[in-house]
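Chain residues, written in single-letter form:
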Amino acid sequence: MTTIHLAVLVPLLPFLGAVAGLLLGRTAPRFVRPLAVLPPLVALVLAALVAADQGGGRAVDAHTELTPTGSVPIELALHIDGFAALVAILVAFVASCVQIYSTGYLRDDPRYPSYAALVSLFTSAMLLVVYSGDLIVLLVGWEVMGICSYFLVGHYWETPEARAASLKAFLVTKLGDVPFLIGLFALGTDAGSFRITRILGAVTSGGLDHPTVTALLLLAGVAGKSAQFPLHTWLPDAMAGPTPVSALIHAATMVAAGVYFIARLLPVFEASRAAMVVLAVMAAVTMAGSALAALAQDDIKRVLAYSTIGQLGYMTGALAVGDRGAAVFHLLSHGAFKALLFLAAGVIIHAAGTNSLAAMSRMHGLRERVPDAYWTMTVALLALAAIPPFSGFFSKESVLGAAEHVATGNTSHAPGVAGWIVLVAGLLTALLTAAYATRLWLLAFRGRGTEAPDHGRQPLTMNAVLWVLAVPSLAFGGLAYRALPGWFDGRDLTPTLLTSILGTGLALVGGLLTYGAWQRTSAIAARTPAAPAPSFEWEHLQGEAAAHPEGDASLVEAHALASQGPADRDLAHAPDPGRLLLGPLYRHAATGFHLDAVYTALFVRPVQAGASLVRFLDREVVDTYVRGAAALPRVLGAAVRRAQTGNVQTYVSALLAGTVVLTVAVVLVATGA
C-alpha cells in the first residue's frame, strides 16, 4: 500500500467510525466503545507510517479534479510535508487519548454514543485540514469542526451555560469565517487554483494582486478559529462542555487549525510586511491579556482556557517573525501538556465535586485523593511554565529565540518591529504564565480546611491516559529540538542563551512571587471567619455524589456546572494570590477585561434593536398591507352574500329589472341619444 493510500485512510477511518457509531448507537450499544477507540488508534498507526515514509524529505503530493467549475477548479489534493506528517500524528494521538479517557469519564452518560461519534467526526475533520492540498477541501474540514464544536460544547444542553456557550462559539467563529472565505476566493482567483502548491508558486512569482488585503481577510478567520484577540471570547465560555472535549479542542483540533493554516501559507503573509506587524500585535495582545485574565479566574477550566489562548499567542508570535518551525514545534509540545492539563482537571473536578479553585483551596487532602492527577498535572504545569527540562521550555524558547533573531535585524523574513513586539510580550507572558500555573497548583493541591470528599477511585482508563501524556510533556522538547529542523524548513530550534536566561528567570520570579503572595493570603484567610454553610441544593448534590462514589465523572462535572454557589461564597475568603498580585486590576481581569460587555454594547444590542425594528415593520406595516389586500375581497364578498336570499321571486324580479335596464341602454345607444 502506497503512502498516498495510507494518507487517505488516516482521515477516512475516524469518519467511518463516526458514521458506524451513530448508526449502531441504539441498536448495538456494545459496539460503540470499540468504534470510538479503534479508528483513531489505527489512524495514529497509519499517520506514523505516513510520517516514516515522508521522512521530512520531499513533500508527498497527489491530486485529482473533483468537479469542473468553469473557472478555478476544485481538486481532491494531498500535500504532506514534514509539518503535515507530524501534526497528523499529534491529532490522532490526542484524539485516541481523549476517546480512551472518555470511556471511563462518560461511562454512564446516556448520550455517550452521539458524543463519541462527534469526537470521531471532529478528529476526521482536523485530519482533513492537516493533509488537504486544496483550500476548498480544507474549508470543508474547517467548517465541519465548527459544527462539531457546537454540538460537543452544548453536550450538557440542560444547563443554560452550555446552551449559551455552544451558540456563542458557533457565532463568533462564523464571524471570522466570512472574511476568511472571501480571502480564500481572492487567493484562488489570483493564483488560478486553490491548490496550496500553486498558490505558493504564485506568491513566489509575485502573482498576488492585493497581498495585504488577502492576508488580513485570512487572519480574521484564523483569529476566530484559534481564539486570538479580538475573537477569543468564545473559548473560555466553551468550558461548559465535557472536559475531554475541552482537551480535544485545545490540544489538537479547532484552535490549532488556525495556527497550522498560517504555517502552511506563511509566504502569503510574508508578502505583506503590514500583515506581519498586525499578526505580531495580535499575538502580543493575546499573550499578555490572556495571561492576566488566567491569573484571576476561579474556574479551573477557565484558567486553562485562557492559558490556551496565551500559548496560541506564542505560536502566532513565532509566525509573525517568520519562523513556522518554532510555531509548529510549540504546537506539538503544547498539544501534549495541554491535553494532560485538561484531562487531569477532569479527574480533579470529579474528586472535588466542584470546578472552583476557591472551593478547592478550602479542602484538605485533595492531592491524596487523586495521586495520579496530582503528579501528572504537576509535570504539565511545569511544562506550561517552561521550566527546563520539560518540553514547554524548549518549544517556548524556540519562539523567543526566533523573535530575538528578527529584533536584532538578523533576517529579512519579518519586520524588526514585529520581533521586538513578540519578544517583549513573550517575556512578560513567561512571567505571568508561571504565576498563574503556580496559583492553580497551590489552590488545587495545597488547600486547608475540611477534608476533601471521597468520590472513589477514578477508572483505570482515565489515570492510564494521564501517565501516557505525561511522557511527551516531560521529554518531547528535549528529544525533538535537534531532529525537528530536518522535518521543517531547516531553521535551528536550539534555545538561545539570552532568551533562555531571561525567560527561565522571569518564570522563576513569577512562581516565587505567587508563592509568597499565597503564603500571605493564606495567613489572612486563616484569621478570617469561616464561610457560610453551603446551601441545601449544594448539600444535596454533594450527598448524591457521595452516595454514588463510582458514578460517572461527567455527571459530577454537570452538577458542578449547574451550581456555582460554593464558588461564589468561598471566593472572597479564598487565599487567592492572584487578587494580591493584580490589585485593582483583578476585578477587570476576572471578567476578561469586559470585552463581552463591550461587544454586547457595540454589536449585540444594535443587532437586537435592528431585529426589533424589522419585526415591528413586518408586523405593523407589511402585515397591514397584507391584511388590507385580504379585507377588500372579504367586504365585496359580504356585499354579494347579502343578495343571495334564496327567494326565487326576488331572483326573477332582479332578472327582469336587469333585462329592462339593458334593453333601454341598447335602445339609447342605437338611437344616439
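Residues numbered from 1 in each chain as written. Predicted model: local features only at pLDDT ≥ 70, side-chain atom pairs only at ≥ 80, totals over all residues. Heavy atoms only, no water.

**Observations concerning the overall build of the protein chain**
Here is the rule we go by: Going along the chain from the N terminus, every DSSP run of H or I of four or more residues is numbered as a helix, and every run of E of two or more is numbered as a strand. Note on classification: 1.4 Å probe, protein chains only; a residue is buried when its accessible area is under 20% of the maximum for its type, exposed when over 50%, partly exposed between these limits. Two residues form a contact once any of their heavy atoms are found within 4.5 Å.
For the protein chain, the count of helices and strands is 30 helices and four strands. Judged by the C-alpha coordinates and their principal axes, the protein chain covers about 120 × 70 × 55 Å. Here the protein chain holds 673 residues, and 55% of them are scored as buried. In the protein chain, the proportion of contacts linking residues at least 24 apart, taken out of those at least 6 apart, comes to 82%.

**Concerning the pattern of salt bridges**
Counted only if it meets this: Here a salt bridge means any side-chain nitrogen of Lys or Arg lying within 4 Å of a carboxyl oxygen belonging to Asp or Glu.
Within the structure shown, the criterion is met by 14 salt bridges. Residues D177 and K174 are paired through a salt bridge, measuring 2.9 Å at the closest nitrogen-oxygen approach. With D177 and K174 both in helix α6 (residues 160-191) and three residues apart, this pair spans about one turn of that helix. Given a relative accessible area of 18%, K174 falls into the buried group. Put simply, E397 and K396 hold a salt bridge, and the shortest N to O gap is 3.3 Å.

**Section: the pairing of strand β2 (residues 74-80)**
Keep this limit in mind: Strands are treated as partners if at least two bridges between them are detected by DSSP.
Burial analysis of β2 places six of its seven residues in the buried class, which makes it a mostly covered element. Pairing of strand β1 (residues 60-67) with β2 involves seven bridges; the strand directions are antiparallel. Looking at β2, one finds that H63 is bridged to A77. Where β1 folds back on β2, the antiparallel hairpin that results is connected by six residues, among which G70 adopts a positive phi of roughly 90 degrees.

**Observations concerning the packing of helix α19 (residues 391-407) against helix α20 (residues 416-445)**
In helix packing, the relevant descriptors are the interaxial angle and the interaxial distance, both defined with respect to the helix axes. Threshold: Here, axes are lines fitted to C-alpha atoms. For helices the fit covers the stretch in contact, and angles between N-to-C directions go from 0 to 180 degrees. Here a crossing is called left-handed whenever its near helix is offset anticlockwise from the far helix by less than a right angle, and right-handed whenever the offset is clockwise. Side-chain classes are defined by residue name, with Ala, Val, Leu, Ile, Met, Phe, Trp, Tyr, Cys and Pro counting as nonpolar, Asp, Glu, Lys and Arg as charged, and the others, Gly among them, as polar.
It is the contact of α19 with α20, at a shortest axis distance of 7 Å, that shows an interaxial angle of 145 degrees. Considering how the two elements wind past one another, α19 and α20 form a crossing that is left-handed. Within the contact between the two elements, α19 uses K396, L400, A403, E404, V406 and A407 and α20 uses G416, G419, W420, V422, L423, G426, L427 and A430. Here the contact of α19 with α20 is composed, by residue class, of nine nonpolar, three polar and two charged.

**Details of the state of the cysteines**
Selection criterion: Pairs of cysteine sulfur atoms within 2.5 Å are what we label disulfides.
Applying the stated rule across the entire model yields zero disulfides. In this model C148 remains outside any disulfide bridge; the closest cysteine sulfur is found in C97, 19 Å from its own. Among the residues examined, C148 registers a relative accessible area of 1% and is labelled buried.

**Let's talk about the packing of aromatic side chains**
This is how it is decided: Stacked, edge-to-face and tilted are the three classes for Phe, Tyr and Trp ring pairs, Trp counted by its six-membered ring, which pair at centre distances within 6.5 Å; planes under 30 degrees apart are stacked, over 60 edge-to-face, the rest tilted. Think of it as a cone above the ring: NZ of Lys or CZ of Arg counts as a charge over the ring if it is within 6 Å of the ring centre and within 35 degrees of the ring normal.
For the coordinates displayed, the defined rule picks out 17 aromatic pairs. An angle of 65 degrees between the planes, with centres 5.9 Å apart, marks the rings of W142 and F261 as edge-to-face. Placement of W142 in helix α5 (residues 135-153) and of F261 in helix α11 (residues 255-264) is noted, with a sequence separation of 119 residues between them. The buried category is assigned to W142, whose relative accessible area is 0%. Ring pairing ties together the aromatic residues Y374, W375, W441 and F445, which thus form one cluster. Directly above the aromatic system of Y112 lies the positively charged group of R33, at a separation of 4.4 Å from the ring centroid.

**Describing α19**
Note the following rule: The length a helix should cover is 1.5 Å for every residue beyond the first.
Look at α19: 25 Å from first C-alpha to last across 17 residues, which is about the 24 Å you get at 1.5 Å a residue. Along α19, 16 of the 17 residues are buried, which leaves the element largely enclosed by surrounding structure. G409 lies just past α19 and shows a positive phi near 75 degrees.

**Topic: helix α29 (residues 595-643)**
Test applied: Fitting one axis to the seven residues ending at a residue and another to the seven starting there, the bend at that residue is the angle between the two axes.
The end-to-end C-alpha separation of α29 is 69 Å, in line with the 72 Å expected for 49 residues at 1.5 Å each. At A601, α29 shows its largest kink, close to 40 degrees.

**Quick word on the side chain of T499**
Locating T499 in the fold gives a position in helix α23 (residues 497-526). Sequence-distant contacts of T499, defined by excluding residues within four places in its chain, comprise E397, L400, G401, E404, L423 and T504.

**As for the confidence of the model for the protein chain**
Heads up, the condition is: Residue-level confidence of the predictor, termed pLDDT, takes values from 0 up to 100.
Of the residues in the protein chain, 93% have a pLDDT of 70 or more, and the chain-wide mean is 89. Counting contacts from residues 531-550, a segment whose pLDDT is below 50, to residues more than four positions away or on other chains yields 28 contacts. Taken as a whole, residues 565-569 scores under 50 in pLDDT and shows eight contacts with residues more than four places along the chain or in a different chain.

**With respect to unusual backbone geometry**
In most cases, non-glycine residues show a negative phi, while peptide bonds are predominantly trans. Here the bond from F229 into P230 is cis, since omega is 10 degrees, no more than 30 degrees from zero. By the element assignment, P230 lies in the loop between α8 (211-225) and α9 (234-237). With a phi angle near 60 degrees, A386 is a residue other than glycine that sits in the positive phi range. A residue is classified by how much of its surface remains accessible, and A386, at 1% relative accessible area, is buried.

**Things to note about the packing of helix α18 (residues 371-384) against helix α21 (residues 460-480)**
Using the following cut-off: Each angle gets one of four labels, with under 35 degrees taken as roughly parallel, over 145 as roughly antiparallel, 65 to 115 as roughly perpendicular, and the rest as oblique.
Look at α18 against α21: their axes get within 9 Å of each other, and the N-to-C directions meet at 25 degrees. Accordingly, the angle class assigned to the pair α18 and α21 is roughly parallel. By crossing handedness, the relation of α18 to α21 is classed as left-handed. Mapping the contact onto sequence places D372, A373, W375, T376, V379 and A383 in α18 and N463, L466, W467, A470, S473 and L474 in α21. Residue classes in the contact of α18 with α21 are distributed as eight nonpolar, three polar and one charged.

**Let's talk about the nonpolar core**
Formally: Buried Ala, Val, Leu, Ile, Met, Phe, Trp, Tyr and Cys residues that are joined via side-chain atoms within 4.5 Å together make up what is termed a nonpolar core.
Core analysis: the biggest nonpolar cluster contains 192 residues, and Y131, F261 and M377 have the highest contact counts within it. If sequence neighbours within four positions are ignored, M377 has contacts with I300, L341, A344, A345, I348, L440 and F445.

**Brief notes about the side chain of H79**
Threshold: Any pair of N or O atoms that falls within 3.5 Å is considered a polar contact. Within protein, one atom must be able to donate a hydrogen and the other to accept it, and sequence-neighbouring residues count only if both atoms are side-chain atoms.
Structurally, H79 is set in strand β2. Within the structure, the side chain of H79 is placed 2.7 Å from the side chain of D61, a separation counted as a polar contact. In this view, H79 contacts A59, V60, D61, A84, V130, Y131, S132, G133, T197 and R264; residues no more than four positions away in its chain are not counted.

**Let's talk about a nonpolar patch on the surface**
Using the following cut-off: Note that patches include only residues with greater than 30% relative accessible area and no salt bridge, and the join distances are 9 Å for like charges and 5 Å for nonpolar side chains (Val, Leu, Ile, Met, Phe, Trp, Tyr). Values of accessible area rely on a 1.4 Å probe in the Shrake-Rupley scheme; residue burial ignores everything except the protein chains shown.
On the surface, a cluster of nonpolar side chains totalling about 670 Å² of accessible area is made up of L613, F616, L617, V621, V622, Y625 and V626. One can find F616 in helix α29.

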